[in-house]
Amino acid sequence: MNIKLLAILSFITIPIGTVYSQQLSENIRLNQVGFYPNAPKIAVIVNANAETFMVKTADLKNTVLTGKLSNERQSEFSGKKTQIADFSSLEKDGKYVIEVPTLGVSYPFEIQEKVHQGVAKASLKAFYFQRASTKIPEKYAGKWARPFAHPDTKILIHPSAISDKRPAGKVISSPKGWYDAGDYNKYIVNSGITMGTLFSMYEDFPDYFQQQNLNIPESNNTVPDVLDEALWNLQWMLTMQDSDGGVYHKLTNANFDGMLMPNHAKKTRYVVQKSTAATLDFAAVMAQAARIFRQFPKEFPTLADSCLSASVRAWDWASKNPTVKYDQNKLNEQFLPKITTGAYGDNTVSDEFIWAASELYITTKDEKYYHSIDFLPVQKMSVPSWNQVRLLGYYSLARFHNQLTGKAKEDFPTLKSNLIAFADTLSSGIEKRSFQTVMGKTAKDFVWGSTAVAANQGIAMIQAYQLTKDKKYLDLALTNLDYILGRNGTGYSFLTAFGSKTPMHLHHRLAIADGIVEPLPGFLSGGTNAGQQDKCEGYTTKVADECYLDAECSYSTNEIAINWNAPLAYLASAIEVLIKK
Ligand SMILES: [Ca+2]
Ligand SMILES: [Ca+2]
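Residues numbered from 1 in each chain as written. Chains lettered and ligands numbered in written order. Predicted model: local features only at pLDDT ≥ 70, side-chain atom pairs only at ≥ 80, totals over all residues. Heavy atoms only, no water.

Enquirer: Can you tell me about the overall build of the protein chain, naming the residues and giving the values?
Expert: For the protein chain, the helix and strand inventory stands at 18 helices and 15 strands. Scaling as 2.2 N^0.38, a compact globule of 581 residues should have a C-alpha radius of gyration of about 25 Å, and the protein chain matches this with 24 Å. Taken over the C-alpha atoms alone, the protein chain extends approximately 75 × 55 × 45 Å along its principal axes. Burial status across the protein chain gives 62% buried among its 581 residues. In the protein chain, the proportion of contacts linking residues at least 24 apart, taken out of those at least 6 apart, comes to 70%. Carbon and sulfur atoms provide 52% of the accessible area of the protein chain, an area that totals close to 22,000 Å². Where the 60 positive side-chain charges of the protein chain centre and where its 57 negative ones centre are 2 Å apart. (Helix = DSSP H or I, 4+ residues; strand = E, 2+ residues; numbered from the N terminus. Rg over C-alpha atoms; globule rule 2.2 N^0.38 Å. Buried < 20%, exposed > 50% of the residue type's maximum accessible area, 1.4 Å probe, protein only. Contact = heavy atoms within 4.5 Å. Areas by Shrake-Rupley, 256 points an atom, 1.4 Å probe, with all protein chains shown as cover. Lys, Arg positive; Asp, Glu negative; His and termini not counted. Charge placed at Lys NZ, Arg CZ, Asp CG, Glu CD.)

Laid out in structure tokens, this is it:
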């Protein structure tokens, strides 16, 4: 037994003196967290050309199942040969490994109910760790405690953002919010999709979140913790609206900080130019927030009204200013200081109009929002990303389909069949794919932030399940959670602290600068991306589903971001709710 396996298995009671001949094999790829007793269980064996596999108890003493490996299939990307080990019939709780005699044994995994409960919770708790303008005490953060940072009460109006009442250099207060990603800036566009995803998760499964305790400062109040956490960012977003209704694109330094702890990051911060995309994302989030926080009149007597009026003012601004792009290069030709942080520039806002109109229509029931735009453009669907949010609107319309009126009601059958067809398109051919996951139909799935593509594809399957109650879509959603947690071309579980082989060197200032070996837990690495935009040294391949580097410099494969954690939280939570005992 090699040292590494011994370390991995050390949490299991191993009788002293036990001798193992088996070696750990990283060519056995599986969800390193585990499986539900009554759901599909698959491992993928790479380059083995073997006949059989065994499932053994993690102490390697007992063989509980012997199975036949599938015929070999060839990876679409690397050309490697894979075989499927299907052990779905094993339903007994326990800790196990897979053994392939010619290869060795897999990382250990569990079979038990609620097996992803920890994943669901930690992927949400991560947002707490990203909070700006607060101290993060040990009580909630353990060894990752840190001092107060970024009060953000003195934010300058950048020359690109001036208006009548707010000249350049005027100071506004814009505290709270989440750090966006590996950096400490706060971006409305990326907050938009993140908040929309978290709010949709809550609206789809409200009961699940009544019970969840994230161990955050608001855990003992009467509000679900997921909403307390979202409120931290919502309160910041509200400060980003100018008096004319338009919304600043971002709150940012002129340049990225070095690899510092946030309390040492003290560069001047600005709000920069208003944009149509940011304003519409804001309108959508605020409309959704209004109907959610309306349910808590005692705790938040005025919040829902504030959110709704902010949303309407944003919508009105965007309707009058439908083509204001955020073009950072152009901005830098006209204004100083130059801004070089994340641009999140989006040239197409028809999808932002659909999302904002959906949320405003659902919240206000005013059909003028639905009539104001073309809701069903003849255009290929794609899973949500920061610059493509059309499906967030569709998901909300589907969630409230019983309340639709007029044209929205007439359109719904088409919308429904389009969403189901979209899930079918994403998943078609899965039975032949090398890792048998929805993820990986084409090389285009492996873009910057590909783990979030996988999570968002999983959400698309969950939506199809909600619309059809056909269990196959749940099983399909689960394949992508398996992908994220280890059944993939790299053999990594991309979620910190969940699995045996997980990212240790994230491009995440909080984790790089804190002097603690372990990265903050519950953060989803961006994952495989053959673009290598960071030009970091150490990549060993350009294969689409394998190009990943667990190194701090690899922001193109190993950064974290709020809009990546949110869909993972959704997917893991949805699966926890929907996989029935
Ligand atoms: Ca709470
Ligand atoms: Ca867009």
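Enquirer: An account of the coordination of the calcium ion (ligand 1) is needed here, citing residue identities and associated values.
Expert: Protein-derived ligands of the calcium ion (ligand 1) are Glu218 (O), Asn221 (OD1), Val223 (O), Asp225 (OD) and Asp228 (OD), with the metal-ligand distances lying across 2.2 to 2.5 Å. Written as a sequence motif, the donor residues of the calcium ion (ligand 1) are E-x2-N-x1-V-x1-D-x2-D. The class for Asn221 is partly exposed, based on a relative accessible area of 35%. (Donors = N, O, S within 2.8 Å, 3.2 Å for Na, K, Ca; no water.)

Enquirer: Go over the state of the cysteines with me, naming the residues and quoting the values.
Expert: Applying the stated criterion across every chain yields a total of one disulfide. Free of any disulfide, Cys547 has its nearest cysteine sulfur in Cys536, 10 Å distant. (Disulfide = S-S within 2.5 Å.)

Enquirer: Describe the environment of Ala452, listing the residues and the values that go with them.
Expert: With respect to the helices and strands, Ala452 occurs in helix 14 (residues 450-468). For Ala452, a relative accessible area of 7% gives the class buried. Sequence separation between Ala452 and Ala561 is 109 residues; the distance between their C-alpha atoms is 9.5 Å.

Enquirer: So, the sheet that holds strand 7 (residues 81-86): which residues are in play, and what are the values?
Expert: Ordered by their spatial adjacency, four strands build an open sheet running 1-3-7-6, and the pairing between neighbours is antiparallel. The two strands at the open ends of the sheet, each matched to only one other strand, are strand 1 (28-29) and strand 6 (73-74). Both strand 6 and strand 7 contribute to a ladder of two bridges, which runs antiparallel. Paired with Gln74 across the two strands is Lys81, which belongs to strand 7. (Pairing = 2+ DSSP bridges.)

Enquirer: Tell me what's going on with the coordination of the calcium ion (ligand 2), and back it up with residues and numbers.
Expert: The protein atoms donating to the calcium ion (ligand 2) are Asp346 (OD), Asp346 (OD), Thr348 (O), Asp351 (OD), Asp351 (OD), Glu352 (OE), Glu352 (OE) and Asn387 (O), with metal-donor distances spanning 2.3 to 3.0 Å. Along the chain, the residues donating to the calcium ion (ligand 2) are arranged with the sequence spacing D-x1-T-x2-D-E-x34-N.

Enquirer: Hey, could you go over the confidence of the model for the protein chain for me, with residue numbers and the actual values?
Expert: The share of residues in the protein chain with pLDDT of 70 or more is 96%, and the mean pLDDT across the chain is 95. Low pLDDT (under 50) marks residues 1-20, which in the prediction has 30 contacts with non-local residues, meaning those over four places away or in another chain. (pLDDT = per-residue confidence, 0-100.)

Enquirer: I'd love a proper account of the packing of helix 13 (residues 406-427) against helix 14, names of residues and values included.
Expert: It is the contact of helix 13 with helix 14, at a shortest axis distance of 9 Å, that shows an interaxial angle of 135 degrees. With respect to their mutual orientation, helix 13 and helix 14 come out oblique. Seen along the crossing, helix 13 lies across helix 14 with a hand that is left-handed. Contacts from Phe412, Lys416, Leu419, Ile420, Phe422, Ala423, Leu426 and Ser427 of helix 13 reach helix 14 at Gln457, Ala460, Met461, Ala464, Leu467 and Thr468. Grouping the constituent residues of the contact of helix 13 with helix 14 by class yields ten nonpolar, three polar and one charged. (Axes fitted to C-alpha atoms, helices over the stretch in contact; angles between N-to-C directions. Parallel < 35°, antiparallel > 145°, perpendicular 65-115°, else oblique. Left-handed = near helix turned anticlockwise from the far one by under 90°. Nonpolar A, V, L, I, M, F, W, Y, C, P; charged D, E, K, R; others polar.)

Enquirer: So what's going on with the environment of Ile362? Residues and values would help.
Expert: Summarising the element assignment, Ile362 is placed in helix 10 (residues 350-364). Judged by relative accessible area, which is 6%, Ile362 ranks as buried. Residues Ile362 and Gln403, 41 residues apart in the sequence, show an inter-C-alpha distance of 8.1 Å. For Ile362, the contacting residues outside a window of four places in its chain are Arg291, Ser396, Leu397 and Phe400.

Enquirer: Tell me what's going on with the sheet that holds strand 12 (residues 171-172), and back it up with residues and numbers.
Expert: To summarise the sheet geometry, strands pair through backbone hydrogen bonds and adopt either a parallel or an antiparallel arrangement. As summarised here, the arrangement of the five strands in space is 12-11-15-14-13, forming an open sheet in which the pairing is mixed. Two strands lie at the open edges of the sheet, namely strand 12 and strand 13 (186-187), each paired on one side alone. Across two bridges, strand 13 lies against strand 14 (residues 250-253) in antiparallel orientation. Of the residues in strand 14, the one forming a bridge with Tyr187 is Lys250.

Enquirer: Report on empty space enclosed by the protein, specifying residues and quantitative values.
Expert: As enumerated under the stated definition, the model contains five cavities of 30 Å³ or more in all. Approximately 90 Å³ is the volume found for the largest cavity. Lining the largest cavity are 14 residues; nearest its centre among them are Phe435, Thr437, Met439, Gly440 and Phe446. Each residue belonging to the lining of the largest cavity can be placed in one class, and the counts come to five nonpolar, five polar and four charged. Estimates place the volume of the second largest cavity at around 60 Å³. Along the walls of the second largest cavity sit Tyr361, Ile362, Lys365, Phe400, Gln403, Leu404 and Thr405, which together make up its complete lining. Classifying every residue of the lining of the second largest cavity by side-chain character gives four nonpolar, two polar and one charged. (1 Å grid on protein atoms, 1.4 Å probe; cavity = no way out; pocket = protein on both sides within 12 Å on 5 of 7 lines; lining within 4 Å. Points joined across faces, edges and corners; volume = space filled by probe spheres on them.)

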